[in-house]
Amino acid sequence: MSDFSSAKSRPCRIIAIANQKGGVGKTTTTVNLSASLAELGQRVLVVDLDPQANATTGLGINPFTDGVSTYDVLLQNGQMSDGVVSTQVENLSLVPSTLDLAGAEIELVPVFSRERRLDTALTTVIHDFDFIFVDCPPSLGLLTVNALTAAREVMVPIQCEYYALEGLGQLMRNIDLVRDSLNKELEISLIVLVMYDGRTKLSSQVASEVRSYFGDKVCRQVIPRTVRLAEAPSHGAPITVTYPSSRGALAYRELAKEVIDGTLTRIG
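None of the values given here were measured: they were computed from a predicted structure. (Residues numbered from 1 in each chain as written. Predicted model: local features only at pLDDT ≥ 70, side-chain atom pairs only at ≥ 80, totals over all residues. Heavy atoms only, no water.)

K.L.:
What is the right way to look at the overall build of the chain in this model?
P.N.:
When helices and strands are counted, the chain shows 13 helices and seven strands. A compact globule built from 268 residues would reach a C-alpha radius of gyration of about 18 Å, and the chain, at 17 Å, matches this within 12%. Summarising its shape, the C-alpha atoms of the chain cover approximately 50 × 40 × 35 Å along the three principal directions. Across the 268 residues of the chain, 54% fall into the buried class. In the chain, the share of contacts with a sequence separation of at least 24, taken over all contacts with a separation of at least 6, comes to 79%. Summed over all atoms, the accessible surface of the chain reaches about 11,800 Å², with 52% contributed by carbon and sulfur. Distance between charge centres in the chain, computed from 24 positive and 30 negative side chains, equals 7 Å. (Helix = DSSP H or I, 4+ residues; strand = E, 2+ residues; numbered from the N terminus. Rg over C-alpha atoms; globule rule 2.2 N^0.38 Å. Buried < 20%, exposed > 50% of the residue type's maximum accessible area, 1.4 Å probe, protein only. Contact = heavy atoms within 4.5 Å. Areas by Shrake-Rupley, 256 points an atom, 1.4 Å probe, with all protein chains shown as cover. Lys, Arg positive; Asp, Glu negative; His and termini not counted. Charge placed at Lys NZ, Arg CZ, Asp CG, Glu CD.)

K.L.:
Looking at this model, I keep getting lost on the pattern of salt bridges. Mind explaining?
P.N.:
Once their charged atoms are close, side chains differing in charge can pair, the charge on each being opposite to the other. Counted according to the given criterion, the structure contains 13 salt bridges. A salt bridge links lysine 26 to aspartate 50, with the shortest nitrogen-to-oxygen separation between them at 3.8 Å. In this pair, lysine 26 sits in helix H2 (residues 26–39) while aspartate 50 sits in the loop between strand E2 (44–48) and helix H3 (54–58), placing the two residues 24 residues apart along the sequence. Note that aspartate 130 is salt-bridged to arginine 43, the shortest N-O span being 3.1 Å. Highlighted residues: aspartate 130 in the loop between helix H7 (117–122) and strand E5 (131–135) and arginine 43 in the loop between H2 and E2, separated in sequence by 87 residues. The exposure class of aspartate 130 is buried, given its relative accessible area of 5%. Here the residues in one salt-bridge network are Lys26, Asp50 and Asp135, joined through shared partners. (Salt bridge = Lys/Arg side-chain N within 4 Å of Asp/Glu carboxyl O.)

K.L.:
How should I be thinking about unusual backbone geometry in this particular structure?
P.N.:
Most peptide bonds are trans, and most residues other than glycine sit at a negative phi. Positive phi values are uncommon outside glycine, yet serine 113 reaches one of about 50°. The backbone of methionine 195 sits at a positive phi, close to 55°, despite the residue not being glycine.

K.L.:
I tried to follow the packing of H2 against helix H13 (residues 247–261) on my own but got confused; where do I start?
P.N.:
If you want to describe how two helices pack, look at the angle between their axes and the distance between the axes. The interhelical angle for the contact between H2 and H13, taken along N-to-C directions, is 70°, at an axis separation of 8 Å. Judged on the interaxial angle alone, H13 and H2 are roughly perpendicular. Within the contact between the two elements, H2 uses Thr28, Thr29, Asn32, Leu33, Ser36, Leu37 and Glu39 and H13 uses Tyr252, Arg253, Leu255, Ala256, Val259 and Ile260. In terms of residue class, the contact of H2 with H13 is built from seven nonpolar, four polar and two charged. (Axes fitted to C-alpha atoms, helices over the stretch in contact; angles between N-to-C directions. Parallel < 35°, antiparallel > 145°, perpendicular 65-115°, else oblique. Nonpolar A, V, L, I, M, F, W, Y, C, P; charged D, E, K, R; others polar.)

K.L.:
Can you walk me through the nonpolar core in this structure?
P.N.:
A general trend in soluble globular proteins is that nonpolar side chains are found buried together. Formed by 49 residues in total, the largest nonpolar core has its most connected members in Leu118, Leu122 and Ile132. Element by element, the count of residues in this core is highest for helix H8 (residues 142–150), at five residues. With residues near it in sequence (within four places) discarded, leucine 122 still touches Ile14, Val47, Met80, Ile132 and Ala150. Among the nonpolar cores identified, the runner-up in size contains 35 residues, and Val31, Ala55, Ile61 and Tyr252 belong to it. (Core = buried A, V, L, I, M, F, W, Y, C linked by side-chain atoms within 4.5 Å.)

K.L.:
I would appreciate a short explanation of a nonpolar patch on the surface in the present structure.
P.N.:
There is a patch of nonpolar side chains on the surface, built from Tyr162, Tyr163 and Leu202 and spanning about 370 Å² of accessible area. Following the sequence through the fold, leucine 202 ends up in helix H10 (residues 201–214). Classification of leucine 202 as partly exposed rests on a relative accessible area of 35%. (Patch = residues over 30% accessible without salt bridge, like charges linked within 9 Å, V, L, I, M, F, W, Y side chains within 5 Å.)

K.L.:
Quick question: what am I supposed to make of the packing of aromatic side chains here?
P.N.:
The geometry of an aromatic ring pair is captured by the separation of the ring centres together with the interplanar angle, meaning the angle of the planes. Here the structure, examined in full by the defined rule, presents three aromatic pairs. Geometrically, the ring pair formed by tyrosine 213 and phenylalanine 214 is edge-to-face, given 4.8 Å between the ring centres and 75° between the ring planes. (Phe/Tyr/Trp six-rings, centres within 6.5 Å; stacked < 30°, edge-to-face > 60°.)

Here you go:
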């Protein structure tokens, strides 16, 4: 059994969950992995940097309520600590997004140190958490650059479908650019295979191709394509709450253990 207590002594891991393709399970992974880590006693913060606010609603928070949002933090000098709200999952907190964030890409252009707004804001809360996950928009604009500048790791969900690697090369080039000019510590540390259908040859072929390319960065645990995972957001709660015994919930719990363990359970 993993020694989860030892993980508590490690410094906070700031992980950007990014993929420029939409509909690849990015927010699903953010919400359910975070909830699974919280179940294991980890103090987890989700920072919703996507104007669609899907991570916000997926954790049961109304993006239209008053309060400090990621928009306020990036553009109105709001304090990140003032934006942290509790969720229905113990140990799991959120800084919500709002639709105002849709204009942030343009509004950030003239702002001083525009790429480091999130990085600076996180300094006020970093000591309060074991994990901070930044849910990025499905684009490579200034919001995603802010996430990549603030993070130390990038997790990339890759769907087990025909166009799985489409756009991934551009994401990797952008990560290289951010590393060279803004954040030398940044690296792709985790590749997660999602929407896996064991009944199809295509899923296994895509998984094999991704593993051959990325090696031990690919998590052993795959996330299956299930109806329950698709339904959970409509309940405003992670799948570990809505369908705690489902295949999707079990898969994210196993993935959480793997993320905590680091390389101990990763494939070689």
